[in-house]
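# Notes for the structure review
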Amino acid sequence: MTKKKKLAYILLSIAIFILLLVLVIPIGINIYLNANAEKIVRNMITRTNDFGGHEVDFGHIKVNYNFRGTFLELGEVTIKPGESIPEDKIKFDLTAENAYLTGFSWSSFLFNNSISLDSAYLENLTVTSRTPPMDELEITEEVEEEAELGNNYDKIAIDRIRFNRLSYFNIDSENDSVRMSIKDLSFSANFFQLTKEDLRSKTALFSVDMLEGYMDEASYHFNEYRNVVYARDLSFNTQDQNLLIARVEFDNKLERYEYINQFDQETDWIELEQGEIDVKGMAFHEFFEQGIIHAEKVKANELVISVFRDKRKPENTIARPTMVHKLIREIPIPISIHQLELHNGEVSYDERPDNEAPRAGSVHINDINATISNITNIEGMLSRNNKMNLIAEGKLMGEGAIDLDVIFHLEDTSGRFDMKGTIGSMPLPSINDMLGPGTRVAIDEGWLNNLELNIVANDYEGTGEVVMQYRDLKIQILDSDYEKNQNIFRRAGAFLANTFVVRSNNPDSGGTLVKGDVYKKRDQTSSIFNYWWELLLSGMMSTMTGETEAEMREATRED
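Residues numbered from 1 in each chain as written. Predicted model: local features only at pLDDT ≥ 70, side-chain atom pairs only at ≥ 80, totals over all residues. Heavy atoms only, no water.

What follows covers the overall build of the protein chain. Along the protein chain, the regular secondary structure elements total 14 helices and 21 strands. Scored against the burial criterion, the 559 residues of the protein chain give a buried share of 43%. Contacts spanning at least 24 positions in sequence make up 63% of the contacts within the protein chain whose residues lie at least 6 apart. Accessible area of the protein chain: about 30,200 Å², with a carbon and sulfur share of 54%. (Helix = DSSP H or I, 4+ residues; strand = E, 2+ residues; numbered from the N terminus. Buried < 20%, exposed > 50% of the residue type's maximum accessible area, 1.4 Å probe, protein only. Contact = heavy atoms within 4.5 Å. Areas by Shrake-Rupley, 256 points an atom, 1.4 Å probe, with all protein chains shown as cover.)

Let's shift gears to the pattern of salt bridges. If the charged atoms of two oppositely charged side chains come close together, the side chains can form a pair. This structure, assessed with the given rule, holds 26 salt bridges. Taking the shortest distance from any N to any O, the salt bridge between arginine 165 and aspartate 184 comes out at 3.5 Å. Of this pair, arginine 165 sits in strand β6 (residues 155-172) while aspartate 184 sits in strand β7 (residues 177-195), and the two are 19 residues apart along the sequence. The structure contains a network of salt bridges with shared partners spanning Glu266, Asp268, Arg309, Lys311 and Asp523. (Salt bridge = Lys/Arg side-chain N within 4 Å of Asp/Glu carboxyl O.)

Attention now goes to the nonpolar core. Residues Phe408, Phe417, Leu451 and Trp532 are the most contacted members of the largest nonpolar core, which totals 105 residues. Sort the elements by how many residues they give to this core and helix α13 (residues 528-545) lands first, with seven residues. When near neighbours in sequence (up to four residues on either side) are disregarded, leucine 451 contacts Gly421, Thr422, Ile423, Val466, Val467, Met468, Leu536 and Met540. Core analysis: the second largest hydrophobic core is formed by five residues, Leu254, Tyr259, Trp269 and Phe308 among them. (Core = buried A, V, L, I, M, F, W, Y, C linked by side-chain atoms within 4.5 Å.)

A word on the side chain of asparagine 252. Its place among the elements puts asparagine 252 in strand β10 (residues 242-252). Beyond its immediate chain neighbours, meaning those up to four positions away, asparagine 252 contacts Arg226, Asn227, Tyr259, Trp269, Ile270 and Glu271.

Here we take up empty space enclosed by the protein. With the rule as written, the count across this model stands at two cavities of 30 Å³ or more. The wall of the largest cavity is formed by Leu396, Ile423, Met426, Leu428, Ile431, Met434, Leu448, Leu451, Trp533 and Met540. Elements that contribute at least two residues to the lining of the largest cavity include exactly β19 (441-457) and α13. The residue makeup of the lining of the largest cavity, split by class, is 10 nonpolar, no polar and no charged. The volume enclosed by the second largest cavity comes to roughly 40 Å³. (1 Å grid on protein atoms, 1.4 Å probe; cavity = no way out; pocket = protein on both sides within 12 Å on 5 of 7 lines; lining within 4 Å. Points joined across faces, edges and corners; volume = space filled by probe spheres on them. Nonpolar A, V, L, I, M, F, W, Y, C, P; charged D, E, K, R; others polar.)

Bringing the packing of aromatic side chains into the picture now. With the rule as written, the count across this model stands at 20 aromatic pairs. Ring geometry for tyrosine 100 against tyrosine 121: centres 6.1 Å apart, planes inclined by 20°, an arrangement best described as stacked. One end of the pair, tyrosine 100, is in strand β4 (residues 91-104); the other, tyrosine 121, is in strand β5 (residues 114-131), with 21 residues separating them in the sequence. For tyrosine 100, a relative accessible area of 27% corresponds to the partly exposed category. Ring geometry for tyrosine 220 against phenylalanine 222: centres 6.0 Å apart, planes inclined by 15°, an arrangement best described as stacked. In this structure, arginine 232 is placed above the aromatic ring of tyrosine 230, and the distance from its NZ or CZ to the ring centre is 4.1 Å. (Phe/Tyr/Trp six-rings, centres within 6.5 Å; stacked < 30°, edge-to-face > 60°. Lys NZ or Arg CZ within 6 Å of the ring centre and 35° of its normal.)

Mapped onto the secondary structure, asparagine 377 falls in the loop between β14 (361-376) and α10 (379-384). With a relative accessible area of 11%, asparagine 377 lands in the buried category. A distance of 3.5 Å separates a polar atom in the side chain of asparagine 377 from the backbone oxygen of isoleucine 328. From its side chain, asparagine 377 meets the backbone oxygen of isoleucine 333 in a polar contact 3.2 Å long. (Polar contact = N/O pair within 3.5 Å; in protein donor to acceptor, adjacent residues only side chain to side chain.)

Looking now at a negative patch on the surface. The grouping of Glu273, Glu346, Asp367, Glu393 and Asp403 at the surface amounts to a negative patch. Examined against the element boundaries, glutamate 346 turns out to sit in strand β13 (residues 335-352). Judged by relative accessible area, glutamate 346 falls into the partly exposed class, the value being 35%. (Patch = residues over 30% accessible without salt bridge, like charges linked within 9 Å, V, L, I, M, F, W, Y side chains within 5 Å. Lys, Arg positive; Asp, Glu negative; His and termini not counted. Charge placed at Lys NZ, Arg CZ, Asp CG, Glu CD.)

As paired strands, β7 and strand β8 (residues 210-222) are joined by 10 bridges and run antiparallel to one another. Looking at the pairing, serine 188 lines up with glutamate 212 of β8. Connecting β8 to the next strand, strand β9 (residues 227-237), in antiparallel fashion are four residues, including asparagine 223 with a positive phi near 55°. (Pairing = 2+ DSSP bridges.)

Of note, phenylalanine 192 is situated in strand β7. Given a relative accessible area of 19%, phenylalanine 192 falls into the buried group. When the C-alpha atoms of phenylalanine 192 and methionine 210 are compared, they prove to be 8.2 Å apart, with 18 residues separating the residues in sequence. Leave out the neighbours within four places in its chain, and phenylalanine 192 touches Ile156, Ala157, Ile158, Ile161, Phe206, Ser207 and Val208.

For helix α2 (residues 37-46), the set of buried residues is Ala37, Val41 and Met44. For α2, the angular spread of buried residues about the axis comes to 55°, placing them on one side. (Arc of directions from axis to C-beta.)

This part takes up the confidence of the model for the protein chain. Caution is warranted with low-pLDDT regions, since their predicted coordinates should not be read in detail. Predicted confidence across the protein chain gives a mean pLDDT of 84, with 84% of residues reaching 70 or more. Low pLDDT, under 50, characterises residues 138-150; the stretch is placed with six contacts to residues that sit more than four places away or in other chains. (pLDDT = per-residue confidence, 0-100.)

This paragraph deals with unusual backbone geometry. That bond from asparagine 506 to proline 507 is cis: its omega, 5°, falls within 30 degrees of zero. Examined against the element boundaries, proline 507 turns out to sit in the loop between α12 (488-501) and β21 (516-521). Positioned with a positive phi, glutamate 76 is a non-glycine residue whose angle comes to about 50°. Take glutamate 76: it is sitting in strand β3 (residues 69-81).

Here β3 pairs with β4 via eight bridges, running antiparallel. When the sheet's bridge partners are listed, valine 77 is paired in β4 with alanine 96. As defined by bridge partners, β4 adjoins β5 across 11 bridges and the pair is classed as antiparallel. Its bridge partner lying in β5, phenylalanine 92 is registered against serine 129.

Here you go:
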């Protein structure tokens, strides 16, 4: 045999040997992996902090290894808490109909403590977590560091991921009530990555290149399960930077008085009956990676909000309603919304006065269209613009057209705001639902031609001017049942008030126009909307009666 033939023979033998290795090694590895698949995958799951102590079972499992990666097929997966988990720890129940994983990297797993996949597809996944009450879950940094000494992966990276119908339920282990739920979430994502640093971070969630999907419903129950927020028909797309919630609701599970009577002091009963939220220009990556909410525009359509308060309850002198500047400041995460638009909204406020009136006073504004600009608590943005502007229009009591322009000084420690606006023509008896129950006075006749207001106020008091033009005003004094039944004494009182106290026309027959003073010391237990109404009412009463700011201040001091 010549040297050339001998060399060719050696090279051919080496090639055949390598080929056999390439063919035989995967076969051998596949035989080993499939024989031990349940044990290997079970250990990969239960080694993590969240699933430590849990039991994992598979209906079927299939592994296919080659040098490019490993394919893993799982069916009828169940994870449930084991008996060794303490009662005060978080427990998970998980079921998945099918999971298909491709391109699993053993080198990343063995040498980098990481999970790396080319793709993952999971369908019909339901996860239930049972947790103690939230206040019992608060742990110190030392405990957090100790918890992280487990075997969490340094990184989980998936190039392409798809979930079809994921549902999640968080249950309060103390009373077995659902605290939070997500129903039928389906989404796809590219280049998803979750690191150990993300898990440690109080702001970051994960990073992802593209994420889009749909969710049937999300809910969150709070206030000892008296209230629940629903978000239904939710869709999102990071490339379009769009988030749409077709139906949002804030539901009070109890009726007004049933809810109010569960508290010893004044509190608000609130419901958001319906509405749509459409977010444009949402910076999803800032939220996922830094915990910042940043959006160009938020549209809120068809919101219907109802508020009720019973003033017969003792005032809560400690927990007072927060003014707007502080409310924005105290949002627990950084937020910047360039513009919030409200379209065709409706707000009603009912208040049961602290007297013998048989019914609540009521004010409602419908056909609300408004724009709020520069909603932010981020220091850098406040340094460039520290004013939030509300421009709104609507109909007071379904009658008078309202135009309002309010500037909130977000960095003013006293909570200053400047309010200008107008109310258009309307019959004055339309506001009797606002006046009667609280004042025992009703407007019998009269017509508002126009009202202009200019008010500067803060957390403590407000002053300004109201120019109210009206005609043919007549009032009635209500009886002890707050009805219009008139005896001789009430008729006499109404006659004297209409003749000597209340101006029937402004301007009067000689063309003299009286401007009303505004003064109101803020009731620290009342909402901002109640404060606005009382500021306006002080100017209206000043116009009709001639009471000056100085006299109103003196009356406040005497009270």
